[in-house]
Every structure is written in C-alpha cells, then in structure tokens.
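Spelled out from the first residue to the last, the chains are:
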Amino acid sequence: MSLGELLGTATLALAVFLGILVAVQTARLGRVERQLRALTRGAGPGASSLSLGEVISRQGERIEATREETESLRVTVNALDASVNRSVQNVGLVRFNPFQETGGDQSFAMALLDKRGDGVVISSLHSRNSTRFYAKPVKAGASQLSLSDEEAQALQQAMTKKQ
C-alpha cells in the first residue's frame with residue numbers, strides 16, 4: 001500500500017467518523033430544541049412562544065407565590081398549635097363509693113388538663129338523696145385547694161398521661 005492509498009483510507013475513515021459524530025450531535029441538538037420549545041410554549045392553544053427570560057420570570061413569580069403561601073400556612077399552623085396547647089389533652093378519672101348506703105361506684109373525680117398541666121378537677125358525690133358537684137382549679141399540675149384522695153389520684157392519672 002502506497003502512502004497515497006494510506007492517506008486516502010485514513011481520510012475516508014476520518015470522514016465516516018466525523019459524519020457519525022455530526023449525526024449524533026444533530027440528534028442531541030434536535031432533542032434540546034424540542035425541550036426548549038416545550039419549555040417556552042405559552043399556555044393554551046394558539047398562545048405565542050415565550051422567551052427563556054419570560055419563562056424564568058414566571059417561575060420566579062411562582063416560587064414567590066409558593067413562599068408567601070408557605071408563610072401563611074406557617075402562621076396558621078402556629079396559631080392552631082397555640083390553640084391546641086390550651087385544649088384538654090389529659091384526663092384522669094377515678095370512680096368511688098363515698099357512702100356505705102349507696103350501691104356501686106357512682107361518685108367520681110375527674111381531672112381535665114391541657115398540655116401545660118392547667119385545668120380543673122371536677123368531683124361528684126352521689127348519695128341516695130342528692131348529687132353534689134365540686135370543681136377545683138389546677139395550675140401546672142397542682143391545686144391551691146386541698147384535694148381529696150380520689151381527686152389527687154385523678155390528677156395524678158392525668159399528669160402521668162401528660163408525660
């Protein structure tokens with residue numbers, strides 16, 4: 001094989017390689033152009049194409065709107081959280097029979113506490129002739145008023161559930 005034939009073969013091989021490379025790059029470029037057209041196509045039928053700057057600007061507006069909505073939701077969640085903290089979350093109940101002449105445990109002591117241990121202890125003393133109710137405030141898991149054994153037990157149950 002002469003030098004001219006060798007150069008001709010090398011040139012042909014290089015031309016085939018470059019042709020394949022151009023075909024691959026053309027296919028990639030076509031894919032990128034289709035993606036760009038899809039990205040910059042306006043909303044709705046017959047809408048004009050948008051520039052890439054307009055697309056980016058619209059995305060920025062969407063991000064800002066999402067940020068504002070997220071902030072609004074955060075404020076709402078904080079308000080709901082504060083409200084839930086003040087709701088009854090822990091209950092203790094003790095049923096008992098304070099009088100021998102009545103049957104069954106129809107009297108009760110019930111503690112109703114929020115997340116911080118604030119609330120009330122309600123007790124009911126049931127006898128044959130009457131039923132009496134008492135309410136005692138609770139602050140941070142303790143009452144300024146003296147509690148009966150059953151009321152203290154109900155308060156302890158509610159405080160145990162709180163933890």
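All figures in this text were calculated on a predicted structure; none of them were measured in a lab.

Peer 1: Is there a simple way to explain the overall build of the chain in this structure?
Peer 2: Counting its regular elements, the chain contains 3 helices and 4 strands. Its helices and strands in sequence order give the chain the pattern α-α-β-β-β-β-α, from N to C terminus. The C-alpha atoms of the chain give a radius of gyration of 40 Å, which is well past the 15 Å a tight globule of 163 residues would have. Taking the principal axes of the C-alpha coordinates as reference, the chain spans close to 125 × 45 × 30 Å. Sorting the 163 residues of the chain into buried and exposed places 18% on the buried side. For the chain, contacts bridging at least 24 residues in sequence account for 38% of all contacts bridging at least 6. For the chain, the exposed area adds up to about 12000 Å²; of that, 59% sits on carbon and sulfur atoms. Each charge class in the chain was averaged separately, 19 positive and 16 negative side chains, and the resulting centres sit 2 Å apart.

Peer 1: Just checking my understanding: could you explain a positive patch on the surface for this structure?
Peer 2: Residues Arg28, Arg31, Arg34, Arg37 and Arg41 make up a contiguous surface patch of positive charge. Assignment of secondary structure puts arginine 28 in helix α1 (residues 3-40).

Peer 1: It is not clear to me how the side chain of serine 123 should be interpreted in this structure. Could you clarify?
Peer 2: Tracing the sequence through the fold places serine 123 in strand β3 (residues 119-126). Only 2.7 Å separates the side chain of serine 123 from the side chain of glutamate 151, close enough to count as a polar contact. Serine 123 has contacts with Phe108, Ala109, Arg132, Phe133, Tyr134 and Glu151, leaving out every residue within four places of it along the chain.

Peer 1: I'm lost on the pattern of salt bridges in this one. Help?
Peer 2: Pairing between side chains becomes possible if they bear opposite charge and their charged atoms approach one another. Under the definition given, this model contains 7 salt bridges. Arginine 74 is the partner of glutamate 71 in a salt bridge, and the nearest nitrogen-oxygen pair spans 2.5 Å. On the criterion of helical spacing, the pair formed by glutamate 71 and arginine 74 is a turn pair, its members being 3 residues apart in helix α2 (residues 52-85).

Peer 1: Explain the nonpolar core here, please?
Peer 2: Proteins that are soluble and globular tend to have nonpolar side chains buried together. In terms of nonpolar packing, the biggest core is built from 11 residues, these being Val94, Phe96, Ala109, Ala111, Leu113, Val121, Val138, Ala154, Leu155, Ala158 and Met159. Of all the secondary-structure elements, those providing two or more residues to this core are β1 (90-96), β2 (107-113) and α3 (149-162). If we ignore the near neighbours within four places in the chain, the residues touching valine 138 are Leu113, Gly117, Asp118, Gly119, Val120, Val121 and Leu155.

Peer 1: What's the story with the pairing of β2 in this structure? I'm lost.
Peer 2: A regular strand carries its side chains on alternate faces of the sheet. Here β2 shows one buried face, formed by Ser107, Ala109, Ala111 and Leu113, and one open face, formed by Phe108, Met110 and Leu112. With 7 bridges joining them, β1 and β2 adopt antiparallel strand pairing. Paired with valine 91 across the two strands is leucine 112, which belongs to β2. Where β2 folds back onto β3 in an antiparallel hairpin, the turn is made up of 5 residues, including glycine 117, whose phi is positive at roughly 90°.

The rules behind the values
Residues numbered from 1 in each chain as written. Predicted model: local features only at pLDDT ≥ 70, side-chain atom pairs only at ≥ 80, totals over all residues. Heavy atoms only, no water. Helix = DSSP H or I, 4+ residues; strand = E, 2+ residues; numbered from the N terminus. Rg over C-alpha atoms; globule rule 2.2 N^0.38 Å. Buried < 20%, exposed > 50% of the residue type's maximum accessible area, 1.4 Å probe, protein only. Contact = heavy atoms within 4.5 Å. Areas by Shrake-Rupley, 256 points an atom, 1.4 Å probe, with all protein chains shown as cover. Lys, Arg positive; Asp, Glu negative; His and termini not counted. Charge placed at Lys NZ, Arg CZ, Asp CG, Glu CD. Patch = residues over 30% accessible without salt bridge, like charges linked within 9 Å, V, L, I, M, F, W, Y side chains within 5 Å. Salt bridge = Lys/Arg side-chain N within 4 Å of Asp/Glu carboxyl O. Polar contact = N/O pair within 3.5 Å; in protein donor to acceptor, adjacent residues only side chain to side chain. Core = buried A, V, L, I, M, F, W, Y, C linked by side-chain atoms within 4.5 Å. Pairing = 2+ DSSP bridges.

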